[in-house]
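# Examination of the molecular architecture
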Number of protein chains: 2
Amino acid sequence: MTTARVLIALGGNAMTSPEGRATPEDQIAAIARAAEPIADIVATGAEVVLTHGNGPQVGNLLVKNELAASVVPPVPLDWCGAQTQGTIGAMLLNAVQRSLAARAVARPVAALVTRTRVDPTDPHFDKPSKPIGRYLPEAEARVMIEHGQVWEDRGEKGWRRVVASPEPVEILDAPAVSALLGAGFVVVAAGGGGIPVVRDEDGTVRGVEAVIDKDLSAALLARAIDAGVLVIATDVAGVALNFGTDRARTLGAVSVAELREHAAQGHFASGSMGPKVDAACRFVEAGGSAAVITSLDDIAEAAAGRAGTVVTADAGATADAGALADAGTAAPADTGAADAEKER
Amino acid sequence: MTTARVLIALGGNAMTSPEGRATPEDQIAAIARAAEPIADIVATGAEVVLTHGNGPQVGNLLVKNELAASVVPPVPLDWCGAQTQGTIGAMLLNAVQRSLAARAVARPVAALVTRTRVDPTDPHFDKPSKPIGRYLPEAEARVMIEHGQVWEDRGEKGWRRVVASPEPVEILDAPAVSALLGAGFVVVAAGGGGIPVVRDEDGTVRGVEAVIDKDLSAALLARAIDAGVLVIATDVAGVALNFGTDRARTLGAVSVAELREHAAQGHFASGSMGPKVDAACRFVEAGGSAAVITSLDDIAEAAAGRAGTVVTADAGATADAGALADAGTAAPADTGAADAEKER
């Protein structure tokens, strides 16, 4: 059997308290919990890459930008993403190293600053739509709008900033991920979807103000490093049809074609399960063996194809699932009723 | 000839405007300038590791912590360091890649989140002495003191926070640096001296509130990765005796013993040239071929032993300087009068 190469994308719940708080202590504790199932996967001998969300963390940094603006020049949005790669990367290094040591698994861990290239002509730049940061009263939002930001009336809660979330085109630092994997490292990379950059005509790479969907970047990175399996860890047991109704049903093994059809029928929320389903489908369509969407606690079982929603090219056939044992032939997992779906 | 392995430690002037400003634009422009001589060194075929200071950047983050504290929980000092590894790392990736492309040098660049282990019983924890961040009036400083921070009266400018600056003991992520170097990468690592961590008795690694001298960490990392040459880039042409007097004389080739003697005589300021001299001496004493202290513009010449203050085990002998051609036998460089020495 070839060594499995697995990319695990950690959602916001791997980095915040169960109530969604993101103090430093909350983050450290949450990441310590997340490191346990990650270490279980590494302990199987798999080559593992970790990527992670950063929504609450970037939200905090934007508030700091705003409240300190009269004293310290605010930093652009891509810098906020870079900052979270540093802090979350360091926490993951500490936590995963500890969980590996507890299992007597001698594998080094490294965290890379990672840039993701986007297209400067991406239509999302003209239509910012990704809400980030805190809600403000209209009057305060209007001040930010005067400063060039885009804010939207989100109803009762107030106004919220929306930013461009362009398509990830290329993970610029994927070669470094491959080099470290090849040297035996567990690698943390493309945190927050990667630091968004564009490449100018003269070849210059520079940061741009945007956020990138971390699951779409994860799918792209997983293919770039030739991972067989993409695991998207979230706070529900799997992908549910008719979510939130009494006819809710969590999918087990599913073909990419079938899952795309469910998506087209509007089963998945655009700000939540939608991008995860899209990322899983893209990964398999691009040649990945299997993409699994499941809860953080179940990722070790899921990486072996025994939990969560397992997306393959043809779920019915006894396909060669490549690196992932039995992924293509896993029976629908007993995932029970869908848990409450939270915003990422 | 074996391939030279060089570690270049960039000072604050590589990341701020000539006037010391640190807006995002200032930082990007300064790093673009610094990337030029760095690319010249890479173009010689040398294996290059870059490390960098982060004083002004951490200062800005502390102000944000303070001014947003009522809304967003402040993050500890080690997180501020981690944040700057993300932002400065990304800027260096972009800038060095561009300068290499302009020279048609096909070498990839990677930036690592890097932790530096310190001793929890380091006496510096009981005697915080490193000033960081902005000056405040006494009344405001007293509020911070009530919150557990240490602030000192610095005279006319006001009060300033002082923090522990413990000795770096081990660069925990040095193996990742070696792996990437071995794969042909130019590597950015140990920014700001590394994220300070301690290892508890049970093996757990966790962050601690401190700052680490980036030149001392650079010397440690340089030995850990078996670099032959350590280049400390600053804003003066070299190490000067009788600095600031009309008898000022910049040293060229100097033995580590001689330089230690000058240091013992009090020639070098403790917050400024002192730690650089100490780092250079430690590197050579630990087996490094040559340590060079020089201005950022001169680092390419300095890496070849033709500029700056070149410290070797025995400056007078025609020693085998290992990777660095002629380093051990360089004639004293014509560095002219010492420039004004600024705070790092």
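Moving on, we get to the overall build of chain A. The number of helices and strands found in chain A is 9 helices and 17 strands. Taken over C-alpha atoms, the radius of gyration comes to 20 Å for chain A, in line with the 20 Å a tight globule of 344 residues would show. Dimensions of chain A, computed from the C-alpha atoms along their principal axes, are close to 60 × 45 × 45 Å. Within chain A, the fraction of its 344 residues that count as buried is 58%. Contacts in chain A between residues far apart in sequence, at least 24 positions, make up 73% of those at least 6 positions apart.

Below, the discussion takes up helix 1 (residues 24–43) of chain B. Residues and elements named next belong to chain B. Between its terminal C-alpha atoms helix 1 stretches 28 Å, which fits the 28 Å expected from 20 residues at 1.5 Å a residue. Residues of helix 1 that are buried: Pro24, Asp26, Gln27, Ala30, Ile31, Ala34, Ala35, Pro37, Ile38, Ala39, Ile41 and Val42. Gly45 lies just past helix 1 and shows a positive phi near 100°.

Take the relation of the copies chain A and chain B next. Mapping chain A onto chain B leaves a residual RMSD of 0.0 Å; the transformation is a rotation of 180° accompanied by 0.0 Å of translation along its axis. Classification of the inter-copy transformation places it as that of a two-fold axis. Within chain A, Gln83 of chain A has its C-alpha nearest the rotation axis, a separation of 2.0 Å. Both copies share a contact surface, since 100% of the interface residues of chain A are interface residues in chain B too.

With a phi angle near 50°, Asn242 of chain A is a residue other than glycine that sits in the positive phi range. Take Asn242 of chain A: it is sitting in the loop between strand 13 (240–241) and strand 14 (249–250). With phi around 55°, Ala104 of chain B is a residue other than glycine that occupies positive phi space. Mapped onto the elements, Ala104 of chain B comes out in the loop between helix 3 (77–102) and strand 3 (109–113). Using a relative accessible area of 71% as the deciding quantity, one classes Ala104 of chain B as exposed.

Residue and element names in this part refer to chain A. Taken domain by domain, chain A comprises domain 1 (5–118 + 169–326) and domain 2 (129–163). Computed over C-alpha atoms, the centres of domain 1 and domain 2 are 27 Å apart. Each side of the interface is counted separately: domain 1 has 8 residues, and domain 2 has 8 residues. Carbon and sulfur atoms make up 68% of the surface buried where domain 1 meets domain 2, a total of about 650 Å² over both sides.

Contacts between the two partners involve 51 residues from chain A and, on the opposite side, 51 residues from chain B. Roughly 3900 Å² is buried in total at the junction of chain A and chain B, and carbon and sulfur atoms are behind 70% of that figure. It is Lys64, Trp79 and Val113 of chain A that lose the most area in chain A upon contact with chain B, and together they represent 18% of the buried surface on that side. Applying the counting criterion to the chain A and chain B interface returns 0 salt bridges. Between the two partners, chain A and chain B, sit 10 residue pairs in polar contact (both at pLDDT 80 or more). Counting residues per element, the ones that place at least two in the side of chain A that touches chain B are helix 1 (24–43), helix 2 (55–67), helix 3 (77–102), strand 3 (109–113), helix 5 (174–182), strand 10 (195–199) and strand 11 (205–207) of chain A.

Below, the discussion takes up the confidence of the model for chain A. All names here are of chain A. Looking at chain A, the pLDDT average stands at 90 and 91% of residues meet or exceed 70. Note that pLDDT drops below 50 for residues 317–344; the model gives that stretch 64 contacts with residues more than four away or on any other chain. Model confidence for the complex is summarised by a pTM of 0.91, with the ipTM given as 0.91.

A general tendency of soluble globular proteins is for nonpolar side chains to be buried together. Counting residues in each nonpolar core, the largest one holds 86 residues, and the members touching the most others are Leu180 and Leu221 of chain A together with Leu180 and Leu221 of chain B. Beyond its immediate sequence surroundings of up to four residues, Leu180 of chain A is in contact with Ala110, Leu112, Phe185 and Val187 of chain A together with Leu112, Ala176, Ala179 and Leu180 of chain B.

A word on the environment of Ala95 of chain A. All names here are of chain A. With respect to the element layout, Ala95 can be found in helix 3. For Ala95, a relative accessible area of 11% gives the class buried. Along the chain, Ala95 and Arg33 lie 62 residues apart, while their C-alpha atoms are 8.4 Å from each other. Every residue in contact with Ala95, bar those within four places of it in the chain, is listed here: Ile31, Ala32 and Ala35.

The next thing to look at is the pattern of salt bridges. Side-chain pairs of opposite charge can arise where the charged atoms are in close proximity. Inspection of every chain in the model, using the stated rule, returns 41 salt bridges over all chains. Between Arg282 of chain B and Glu167 of chain B there is a salt bridge, with its nearest N and O atoms 2.7 Å apart. Linking Arg282 of chain B in helix 8 (residues 273–285) with Glu167 of chain B in the loop between strand 7 (159–163) and strand 8 (170–171), this pair joins segments that are 115 residues apart in sequence. Arg282 of chain B sits in the partly exposed class, given a relative accessible area of 26%. Glu167 of chain B gets classed as partly exposed once you look at its relative accessible area, which sits at 29%. In the salt-bridge network here, residues are joined through shared partners; they are Glu167, Arg260, Asp278, Arg282 and Glu285 of chain A.

So, on to the side chain of Asp173 of chain B. Its location among the elements puts Asp173 of chain B in the loop between strand 8 and helix 5 (174–182). Engagement of the side chain of Asp173 of chain B in a polar contact is seen with the backbone nitrogen of Arg115 of chain B, the distance being 2.7 Å.

All names here are of chain A. With respect to the helices and strands, the residue Ser165 is situated in the loop between strand 7 (159–163) and strand 8 (170–171). By relative accessible area, Ser165 is classed as buried at 17%. Of the polar contacts made by the side chain of Ser165, one reaches the backbone oxygen of Val211; its length is 3.3 Å.

Moving on: the pairing of strand 7 of chain A. Residues and elements named next belong to chain A. With 5 of its 5 residues buried, strand 7 lies for the most part within the structure. Bridging between strand 6 (residues 151–153) and strand 7 involves 3 bridges; their strand directions are antiparallel. The partner of Glu152 across the bridge, within strand 7, is Arg160. Taking the residues that link successive antiparallel strands as the turn, the strand 6-strand 7 hairpin has 5 residues, and the phi of Gly155 there is positive, at about 85°.

Working note: a packed helix pair is described by the angle between its axes plus the distance between those axes. Residue and element names in this part refer to chain B. At their nearest, the axes of helix 1 and helix 3 sit 8 Å apart, and the two run at 50° to each other. The angle between the axes of helix 1 and helix 3 places the two elements in the oblique class. Seen along the crossing, helix 1 lies across helix 3 with a hand that is right-handed. Contacts from Gln27, Ile28, Ile31, Ala32, Ala35, Glu36, Ile38, Ala39 and Val42 of helix 1 reach helix 3 at Ile88, Met91, Leu92, Ala95, Val96, Ser99 and Leu100. Looking at the contact of helix 1 with helix 3 residue by residue, the class counts come to 13 nonpolar, 2 polar and 1 charged.

What counts as what
- Residues numbered from 1 in each chain as written.
- Chains lettered and ligands numbered in written order.
- Predicted model: local features only at pLDDT ≥ 70, side-chain atom pairs only at ≥ 80, totals over all residues.
- Heavy atoms only, no water.
- Helix = DSSP H or I, 4+ residues; strand = E, 2+ residues; numbered from the N terminus.
- Rg over C-alpha atoms; globule rule 2.2 N^0.38 Å.
- Buried < 20%, exposed > 50% of the residue type's maximum accessible area, 1.4 Å probe, protein only.
- Contact = heavy atoms within 4.5 Å.
- Expected span 1.5 Å × (residues − 1).
- Least-squares fit on C-alpha atoms with pLDDT ≥ 70 in both.
- Domains from an automatic or database assignment.
- Buried area = accessible area lost by both parts, 1.4 Å probe.
- Salt bridge = Lys/Arg side-chain N within 4 Å of Asp/Glu carboxyl O.
- Polar contact = N/O pair within 3.5 Å; in protein donor to acceptor, adjacent residues only side chain to side chain.
- pLDDT = per-residue confidence, 0-100.
- Core = buried A, V, L, I, M, F, W, Y, C linked by side-chain atoms within 4.5 Å.
- Pairing = 2+ DSSP bridges.
- Axes fitted to C-alpha atoms, helices over the stretch in contact; angles between N-to-C directions.
- Parallel < 35°, antiparallel > 145°, perpendicular 65-115°, else oblique.
- Left-handed = near helix turned anticlockwise from the far one by under 90°.
- Nonpolar A, V, L, I, M, F, W, Y, C, P; charged D, E, K, R; others polar.

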